[in-house]
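Spelled out, the chains give:
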Amino acid sequence: MKCAADRDPRDDGLMRLLLIGAPGAGKGTQAERLAARFGITHISSGDLLRQHVRDQTALGRTVKSYVDRGDLVPDGVVMDMLRKPVMAAARGYVLDGFPRTVEQAEASYAAVRSLGVEVQAAIHLDVPREELIRRLLARGRGTEDAEAVVVHRLDVYQRKTVPLLEYYAGREWMSIVDGSRSAEFVHEDIVRRIGKLAAFISSP
Ligand code: AP5
Ligand code: MG
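Residues numbered from 1 in each chain as written. Chains lettered and ligands numbered in written order. Predicted model: local features only at pLDDT ≥ 70, side-chain atom pairs only at ≥ 80, totals over all residues. Heavy atoms only, no water.

Draft legend 1. Structural view of the overall build of the chain. For the chain, the helix and strand inventory stands at eight helices and five strands. For the chain, the sequential pattern of α-helices and β-strands runs β-α-β-α-α-α-β-α-β-α-α-β-α. Per-residue burial over the chain gives 43% buried out of 204 residues. Restricting the contact set of the chain to residue pairs at least 6 apart, pairs at least 24 apart contribute 74%. (Helix = DSSP H or I, 4+ residues; strand = E, 2+ residues; numbered from the N terminus. Buried < 20%, exposed > 50% of the residue type's maximum accessible area, 1.4 Å probe, protein only. Contact = heavy atoms within 4.5 Å.)

Given below as C-alpha coordinates:
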(Lines give C-alpha, C1' and ligand atoms only; values in the text may rest on other atoms or scores of the structure.)
(Ligands and ions follow the chains in the order given, each with its own letter.)
Protein backbone atom coordinates (compact mmCIF):
# COMPACT_ATOMS: atom_id res chain seq x y z
CA MET A 1 0.00 0.00 0.00
CA LYS A 2 1.28 3.48 -0.88
CA CYS A 3 1.82 5.97 1.91
CA ALA A 4 0.97 9.67 1.36
CA ALA A 5 4.62 10.56 0.74
CA ASP A 6 4.88 8.07 -2.14
CA ARG A 7 1.68 9.12 -3.79
CA ASP A 8 1.71 10.87 -7.16
CA PRO A 9 0.07 14.22 -6.27
CA ARG A 10 -1.90 14.01 -9.51
CA ASP A 11 -3.60 10.69 -8.72
CA ASP A 12 -6.52 12.35 -6.99
CA GLY A 13 -7.45 14.36 -10.09
CA LEU A 14 -7.68 17.59 -8.07
CA MET A 15 -5.83 20.86 -8.17
CA ARG A 16 -3.35 22.57 -5.92
CA LEU A 17 -2.13 25.79 -7.50
CA LEU A 18 0.21 28.59 -6.51
CA LEU A 19 0.05 32.19 -7.75
CA ILE A 20 3.19 34.29 -7.44
CA GLY A 21 3.42 37.93 -8.41
CA ALA A 22 4.25 41.42 -7.25
CA PRO A 23 1.83 43.51 -5.21
CA GLY A 24 -0.98 44.45 -7.61
CA ALA A 25 -0.15 41.72 -10.13
CA GLY A 26 -3.69 40.33 -9.79
CA LYS A 27 -3.06 37.30 -7.56
CA GLY A 28 -6.29 37.82 -5.62
CA THR A 29 -8.33 38.63 -8.73
CA GLN A 30 -7.14 35.54 -10.57
CA ALA A 31 -7.27 33.25 -7.53
CA GLU A 32 -10.95 34.10 -7.03
CA ARG A 33 -11.75 33.27 -10.64
CA LEU A 34 -9.82 29.99 -10.52
CA ALA A 35 -11.48 29.01 -7.27
CA ALA A 36 -14.94 29.68 -8.73
CA ARG A 37 -14.19 27.93 -11.99
CA PHE A 38 -12.71 24.76 -10.54
CA GLY A 39 -14.53 24.60 -7.19
CA ILE A 40 -11.32 24.83 -5.17
CA THR A 41 -10.52 26.96 -2.12
CA HIS A 42 -8.83 30.34 -2.42
CA ILE A 43 -6.29 30.77 0.38
CA SER A 44 -4.71 34.24 0.54
CA SER A 45 -2.07 34.84 3.21
CA GLY A 46 -2.62 38.60 2.90
CA ASP A 47 -6.44 38.37 3.24
CA LEU A 48 -6.09 36.11 6.30
CA LEU A 49 -3.59 38.48 7.92
CA ARG A 50 -5.82 41.51 7.24
CA GLN A 51 -8.78 39.63 8.74
CA HIS A 52 -6.77 38.99 11.91
CA VAL A 53 -5.86 42.69 12.06
CA ARG A 54 -9.53 43.70 11.66
CA ASP A 55 -10.63 41.19 14.32
CA GLN A 56 -7.84 42.39 16.64
CA THR A 57 -6.79 38.85 17.46
CA ALA A 58 -3.45 38.23 19.20
CA LEU A 59 -1.99 37.33 15.80
CA GLY A 60 -3.53 40.47 14.30
CA ARG A 61 -1.90 42.67 16.93
CA THR A 62 1.47 41.00 16.24
CA VAL A 63 1.34 41.49 12.47
CA LYS A 64 -0.39 44.87 12.09
CA SER A 65 2.74 46.98 11.98
CA TYR A 66 4.39 44.70 9.40
CA VAL A 67 1.37 44.77 7.09
CA ASP A 68 0.94 48.54 7.46
CA ARG A 69 4.60 49.15 6.61
CA GLY A 70 4.58 46.66 3.72
CA ASP A 71 7.18 44.41 5.34
CA LEU A 72 6.95 40.64 5.38
CA VAL A 73 5.46 39.09 8.50
CA PRO A 74 7.83 36.60 10.22
CA ASP A 75 7.82 33.20 8.49
CA GLY A 76 6.74 31.20 11.53
CA VAL A 77 3.63 33.34 12.04
CA VAL A 78 2.49 32.96 8.43
CA MET A 79 3.20 29.24 8.32
CA ASP A 80 1.33 28.53 11.55
CA MET A 81 -1.61 30.54 10.27
CA LEU A 82 -1.77 28.68 6.93
CA ARG A 83 -1.32 25.10 8.15
CA LYS A 84 -4.98 24.58 9.03
CA PRO A 85 -6.58 26.11 5.90
CA VAL A 86 -4.15 24.31 3.60
CA MET A 87 -4.83 20.97 5.27
CA ALA A 88 -8.57 21.60 5.21
CA ALA A 89 -8.40 22.31 1.48
CA ALA A 90 -5.81 19.67 0.69
CA ARG A 91 -7.96 18.23 -2.10
CA GLY A 92 -8.02 21.52 -3.99
CA TYR A 93 -6.68 25.01 -3.39
CA VAL A 94 -5.24 28.07 -5.04
CA LEU A 95 -2.68 29.63 -2.75
CA ASP A 96 -2.09 33.36 -3.19
CA GLY A 97 0.82 35.14 -1.47
CA PHE A 98 2.64 32.13 -0.03
CA PRO A 99 5.42 31.15 -0.32
CA ARG A 100 7.01 34.49 -1.12
CA THR A 101 10.61 33.78 -0.11
CA VAL A 102 13.00 30.90 -0.76
CA GLU A 103 13.06 30.24 2.99
CA GLN A 104 9.27 29.87 3.12
CA ALA A 105 9.31 27.55 0.09
CA GLU A 106 11.99 25.35 1.61
CA ALA A 107 10.44 25.28 5.07
CA SER A 108 6.97 24.39 3.83
CA TYR A 109 8.01 21.85 1.20
CA ALA A 110 8.94 19.01 3.53
CA ALA A 111 5.72 19.38 5.50
CA VAL A 112 3.35 19.42 2.53
CA ARG A 113 5.20 16.65 0.69
CA SER A 114 5.00 14.27 3.62
CA LEU A 115 1.24 14.85 3.67
CA GLY A 116 0.86 14.49 -0.11
CA VAL A 117 -0.61 17.97 -0.50
CA GLU A 118 2.14 19.71 -2.42
CA VAL A 119 1.46 22.25 -5.12
CA GLN A 120 1.04 20.83 -8.63
CA ALA A 121 1.40 23.99 -10.71
CA ALA A 122 2.66 27.51 -10.10
CA ILE A 123 1.90 30.61 -12.13
CA HIS A 124 4.04 33.72 -12.08
CA LEU A 125 1.87 36.72 -12.95
CA ASP A 126 4.23 39.14 -14.64
CA VAL A 127 3.22 42.83 -14.74
CA PRO A 128 5.39 45.93 -15.40
CA ARG A 129 6.18 48.10 -12.39
CA GLU A 130 4.37 51.22 -13.70
CA GLU A 131 1.15 49.23 -14.13
CA LEU A 132 1.49 47.75 -10.61
CA ILE A 133 1.83 51.22 -9.13
CA ARG A 134 -1.10 52.51 -11.17
CA ARG A 135 -3.36 49.65 -10.00
CA LEU A 136 -2.42 49.90 -6.32
CA LEU A 137 -2.79 53.66 -6.10
CA ALA A 138 -6.15 53.40 -7.89
CA ARG A 139 -7.32 50.71 -5.46
CA GLY A 140 -6.26 52.58 -2.30
CA ARG A 141 -6.60 49.75 0.26
CA GLY A 142 -5.81 51.88 3.32
CA THR A 143 -2.29 52.45 4.70
CA GLU A 144 -0.97 49.52 2.66
CA ASP A 145 -1.66 51.32 -0.62
CA ALA A 146 -0.20 54.74 0.33
CA GLU A 147 2.38 55.64 -2.31
CA ALA A 148 5.48 55.29 -0.08
CA VAL A 149 4.26 51.92 1.21
CA VAL A 150 3.53 50.70 -2.33
CA VAL A 151 7.09 51.59 -3.36
CA HIS A 152 8.42 49.75 -0.30
CA ARG A 153 6.27 46.65 -1.01
CA LEU A 154 7.65 46.55 -4.56
CA ASP A 155 11.17 46.81 -3.17
CA VAL A 156 10.50 43.95 -0.72
CA TYR A 157 9.13 41.91 -3.65
CA GLN A 158 12.30 42.59 -5.63
CA ARG A 159 14.61 41.60 -2.77
CA LYS A 160 12.68 38.65 -1.29
CA THR A 161 10.34 37.17 -3.91
CA VAL A 162 12.28 37.60 -7.16
CA PRO A 163 14.94 35.19 -5.76
CA LEU A 164 12.10 32.68 -5.23
CA LEU A 165 11.18 32.99 -8.91
CA GLU A 166 14.83 32.39 -9.81
CA TYR A 167 14.87 29.36 -7.49
CA TYR A 168 11.76 27.95 -9.22
CA ALA A 169 12.90 28.90 -12.76
CA GLY A 170 12.92 26.05 -15.23
CA ARG A 171 10.74 23.71 -13.15
CA GLU A 172 8.24 21.96 -15.38
CA TRP A 173 5.32 22.94 -13.15
CA MET A 174 6.17 26.67 -13.26
CA SER A 175 4.68 28.96 -15.90
CA ILE A 176 4.96 32.69 -16.59
CA VAL A 177 1.81 34.53 -17.63
CA ASP A 178 1.62 38.14 -18.87
CA GLY A 179 -0.64 39.66 -16.22
CA SER A 180 -0.88 43.09 -17.81
CA ARG A 181 -3.81 42.19 -20.05
CA SER A 182 -7.49 42.18 -19.06
CA ALA A 183 -8.42 40.01 -16.07
CA GLU A 184 -10.55 37.80 -18.34
CA PHE A 185 -7.75 37.26 -20.83
CA VAL A 186 -5.27 36.51 -18.05
CA HIS A 187 -7.68 33.98 -16.55
CA GLU A 188 -8.09 32.11 -19.83
CA ASP A 189 -4.32 32.11 -20.33
CA ILE A 190 -3.77 30.63 -16.84
CA VAL A 191 -6.36 27.94 -17.49
CA ARG A 192 -4.62 27.07 -20.77
CA ARG A 193 -1.21 26.93 -19.08
CA ILE A 194 -2.27 24.71 -16.22
CA GLY A 195 -4.09 22.48 -18.68
CA LYS A 196 -0.82 22.07 -20.56
CA LEU A 197 1.27 21.67 -17.42
CA ALA A 198 -0.58 18.61 -16.26
CA ALA A 199 -3.35 16.32 -17.27
CA PHE A 200 -4.99 16.59 -13.86
CA ILE A 201 -7.62 19.14 -14.79
CA SER A 202 -11.01 17.71 -15.48
CA SER A 203 -13.26 19.91 -17.62
CA PRO A 204 -14.64 22.89 -15.68
P1 AP5 B 1 -0.87 40.43 0.05
O2 AP5 B 1 -2.29 40.60 0.42
O3 AP5 B 1 -0.42 39.15 -0.52
O4 AP5 B 1 -0.50 41.67 -0.84
P5 AP5 B 1 0.39 41.89 -2.11
O6 AP5 B 1 1.29 40.79 -2.53
O7 AP5 B 1 1.00 43.21 -1.88
O8 AP5 B 1 -0.66 41.91 -3.27
P9 AP5 B 1 -2.08 42.57 -3.36
O10 AP5 B 1 -3.08 41.74 -2.63
O11 AP5 B 1 -2.04 44.03 -3.05
O12 AP5 B 1 -2.28 42.45 -4.93
P13 AP5 B 1 -2.75 41.19 -5.79
O14 AP5 B 1 -1.60 40.63 -6.56
O15 AP5 B 1 -3.58 40.25 -4.99
O16 AP5 B 1 -3.64 41.95 -6.85
P17 AP5 B 1 -5.23 42.19 -6.82
O18 AP5 B 1 -5.93 41.05 -7.45
O19 AP5 B 1 -5.66 42.66 -5.49
O20 AP5 B 1 0.05 40.70 1.35
C21 AP5 B 1 -0.19 41.82 2.16
C22 AP5 B 1 0.83 41.87 3.30
O23 AP5 B 1 0.67 40.71 4.13
C24 AP5 B 1 2.30 41.83 2.87
O25 AP5 B 1 2.79 43.12 2.57
C26 AP5 B 1 2.96 41.24 4.12
O27 AP5 B 1 3.06 42.20 5.13
C28 AP5 B 1 1.94 40.19 4.57
N29 AP5 B 1 2.14 38.86 3.96
C30 AP5 B 1 1.32 38.23 3.09
N31 AP5 B 1 1.81 37.02 2.75
C32 AP5 B 1 2.97 36.88 3.42
C33 AP5 B 1 3.95 35.86 3.47
N34 AP5 B 1 3.84 34.73 2.75
N35 AP5 B 1 5.04 36.06 4.26
C36 AP5 B 1 5.19 37.18 5.00
N37 AP5 B 1 4.30 38.20 4.99
C38 AP5 B 1 3.19 38.05 4.19
O39 AP5 B 1 -5.29 43.41 -7.87
C40 AP5 B 1 -4.81 44.70 -7.54
C41 AP5 B 1 -5.68 45.78 -8.18
O42 AP5 B 1 -5.53 45.67 -9.60
C43 AP5 B 1 -7.17 45.61 -7.89
O44 AP5 B 1 -7.75 46.88 -7.78
C45 AP5 B 1 -7.69 44.86 -9.11
O46 AP5 B 1 -9.03 45.12 -9.35
C47 AP5 B 1 -6.80 45.37 -10.20
N48 AP5 B 1 -6.53 44.36 -11.24
C49 AP5 B 1 -6.28 43.04 -11.05
N50 AP5 B 1 -6.07 42.43 -12.23
C51 AP5 B 1 -6.18 43.39 -13.19
C52 AP5 B 1 -6.06 43.38 -14.62
N53 AP5 B 1 -5.77 42.27 -15.30
N54 AP5 B 1 -6.22 44.55 -15.28
C55 AP5 B 1 -6.48 45.69 -14.60
N56 AP5 B 1 -6.64 45.77 -13.25
C57 AP5 B 1 -6.47 44.63 -12.56
MG1 MG C 1 -4.01 40.03 -2.96
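Draft legend 2. Region of the structure containing the site of ligand 1. If you check the shell around ligand 1, you find 32 residues, and the closest are T29, S45, D71, Q104 and R153. At 2.5 Å, a side-chain N or O of T29 approaches an oxygen atom of ligand 1. A distance of 2.8 Å is found between a nitrogen atom of ligand 1 and a backbone nitrogen or oxygen belonging to R181. Protein contact buries 86% of the 1000 Å² of open area that ligand 1 shows by itself. The pocket occupied by ligand 1, as judged from atoms lying within 2 Å of grid points, is the largest pocket. For the shell around ligand 1, the leading source of residues is helix α2 (residues 45–55), giving four residues. (Near = heavy atom within 4 Å. Polar contact = N/O pair within 3.5 Å; in protein donor to acceptor, adjacent residues only side chain to side chain. Areas by Shrake-Rupley, 256 points an atom, 1.4 Å probe, with all protein chains shown as cover. 1 Å grid on protein atoms, 1.4 Å probe; cavity = no way out; pocket = protein on both sides within 12 Å on 5 of 7 lines; lining within 4 Å. Sits in = over half its atoms within 2 Å of the grid points.)

Draft legend 3. Quick peek at unusual backbone geometry. Following F98, the chain continues into P99 via a peptide bond in cis, with omega recorded as -10°. The topology assignment puts P99 in the loop between β3 (93–96) and α5 (102–115). In this structure, Q56 is a non-glycine residue whose phi angle is positive, near 55°. Relative to the elements of secondary structure, Q56 occurs in the loop between α2 and α3 (58–69). Residue class for Q56 comes out exposed when judged on its relative accessible area of 57%.

Draft legend 4. Examining α2 more closely. When we look at burial in α2, the residues that qualify are S45, L49 and R50. The buried residues of α2 occupy an angular sector of 130° when the element is viewed end-on, so they sit on one face. Looking at the packing, one finds that the buried side of α2 touches β2 (41–44), α3, α4 (75–88) and β3. Once α2 ends, the next one or two residues include Q56, with phi positive near 55°. (Arc of directions from axis to C-beta.)

Draft legend 5. Here's a closer look at the sheet that holds β2. If you walk across this open sheet you meet the five strands as β2-β3-β1-β4-β5, and the pairing is parallel. The open sheet has two edge strands with one neighbour each: β2 and β5 (174–178). Within the sheet, the average angular offset between the axes of one strand and its neighbour, ignoring direction, is 20°. When strand β1 (residues 16–21) meets β3, the two strands line up parallel, connected through four bridges. If you follow L18 over to β3, its bridge partner there is L95. Relative to β2, α2 is tilted by about 65°, and along the sheet it contacts β2 and β3. Lying over the sheet, helix α7 (residues 147–168) contacts β1, β4 (121–126) and β5, oriented at roughly 135° with respect to β1. (Pairing = 2+ DSSP bridges. Axes fitted to C-alpha atoms, helices over the stretch in contact; angles between N-to-C directions.)

Draft legend 6. Representation of the side chain of S108. Within the secondary structure, S108 sits in helix α5. A residue is classified by how much of its surface remains accessible, and S108, at 13% relative accessible area, is buried. At 2.8 Å, the side chain of S108 forms a polar contact with the backbone oxygen of Q104. Beyond its immediate stretch of four places on either side in the chain, S108 contacts M79 and F98.

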